[in-house]
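An overview of the molecular structure
If you want the building blocks of each chain, they are given just below.
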Amino acid sequence: MSCFDLPAGAPLFILPHADDEVLGCGAAILAHAQRGDRISLLTVFDGALGNTAGQWDQELIARREAELTSSLEVLAPRSEVARWSWSLPEGHAPSERDFQWAEQRLVRLMVQEPINVIYTPWSGDAHPDHKVVAELARRALSSMGHGAPALRTFEVWSSMPSGIAMPIDSDAWGILRAALACHKSQWDEGRLLERFSARSMARAPEGCFHGQVYGSSLDAARGAKRKGGQAA
Ligand SMILES: [Zn+2]
């Protein structure tokens, strides 16, 4: 497996839930932050079903937002991080009208902000909320045409067949572990870390202990150049 090249320019990370910033794209956030890029981050769903019973919990919404804040302080302590949280109810299939509303909102955000590349879950992720976010990003980029940011996808729960691994060295792994530990509501007595460790070991490029997998797509291959960013 070859190595993932960090795209040039300012990134927008589009997360289905708080915790995906570590589970899916923590290595990329860390690398962009260490390079000094301005980081933007959008959380789409409220995470209110993220308990062991899978039942809606209003208090969990604020708690998970706070956990995300703590996690970002670990991942990007010296970075300027612009954040949006839409708090849409998770776990339901959006209507066409919902998609159109969200697409317009996302396009507006990408036009207003200095964003050169977006990161989203890949479209084959088994989690329905992740699939929705992948489809939303595809629609928004498509409607923006040639002025659209480049696209990079990340995997969380399902393996991406054509993914490219980004190595995680021991220092970075320590930071990712610390960021994941901020998500106490999802901790599940340490099982979240066990699953994350196992998956990142399975994803590691040769000669490396941990890794995280990213993908390019036709949208990314189109190589949008925008606001100082360069084609990747
Ligand atoms: Zn998620």
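All of the points below concern the structure found in this document.

How each quantity is defined
- Residues numbered from 1 in each chain as written.
- Predicted model: local features only at pLDDT ≥ 70, side-chain atom pairs only at ≥ 80, totals over all residues.
- Helix = DSSP H or I, 4+ residues; strand = E, 2+ residues; numbered from the N terminus.
- Rg over C-alpha atoms; globule rule 2.2 N^0.38 Å.
- Buried ≥ 20, exposed ≤ 12 C-beta atoms within 10 Å, placed from the backbone.
- Contact = placed C-beta atoms within 7 Å.
- Axes fitted to C-alpha atoms, helices over the stretch in contact; angles between N-to-C directions.
- Parallel < 35°, antiparallel > 145°, perpendicular 65-115°, else oblique.
- Left-handed = near helix turned anticlockwise from the far one by under 90°.
- Nonpolar A, V, L, I, M, F, W, Y, C, P; charged D, E, K, R; others polar.
- Core = buried A, V, L, I, M, F, W, Y, C linked by C-beta atoms within 7 Å.

1. What to know about the overall build of the protein
Scanning the protein from terminus to terminus reveals eight helices and seven strands. Here the C-alpha radius of gyration of the protein, 16 Å, is about what a compact globule of 232 residues would show, namely 17 Å. Referenced to the eigenvectors of the C-alpha coordinate spread, the extents of the protein come out at roughly 45 × 45 × 35 Å. Per-residue burial over the protein gives 44% buried out of 232 residues. Pairs at least 24 residues apart make up 80% of the contacts formed inside the protein by residues separated by at least 6 positions.

2. Some points on the packing of helix H3 (residues 58–75) against helix H6 (residues 170–181)
When two helices pack together, their arrangement is captured by the angle between the axes and the distance separating the axes. Two elements in contact, H3 and H6, have axes whose closest approach is 8 Å; the angle formed by their N-to-C orientations is 165°. Taken together, the axes of H3 and H6 are roughly antiparallel relative to one another. As for the relative orientation of H3 and H6, their crossing is right-handed in sense. Residue-level inspection shows Ser71, Val74 and Leu75 of H3 in contact with H6, the latter providing Ile175, Ala178 and Ala179. Tallied by class, the residues present in the contact of H3 with H6 amount to five nonpolar, one polar and no charged.

3. With respect to the nonpolar core
The biggest cluster of nonpolar side chains holds 55 residues, and the ones touching the most others in it are Phe13, Ile14, Ile29, Leu75, Ile118 and Ala137. Considering each element in turn, this core owes the most residues, seven residues, to helix H5 (residues 128–144). Setting aside its immediate chain neighbours within four residues, Leu75 contacts Glu21, Gly26, Ile29, Leu30, Ala33, Ile175 and Ala179.

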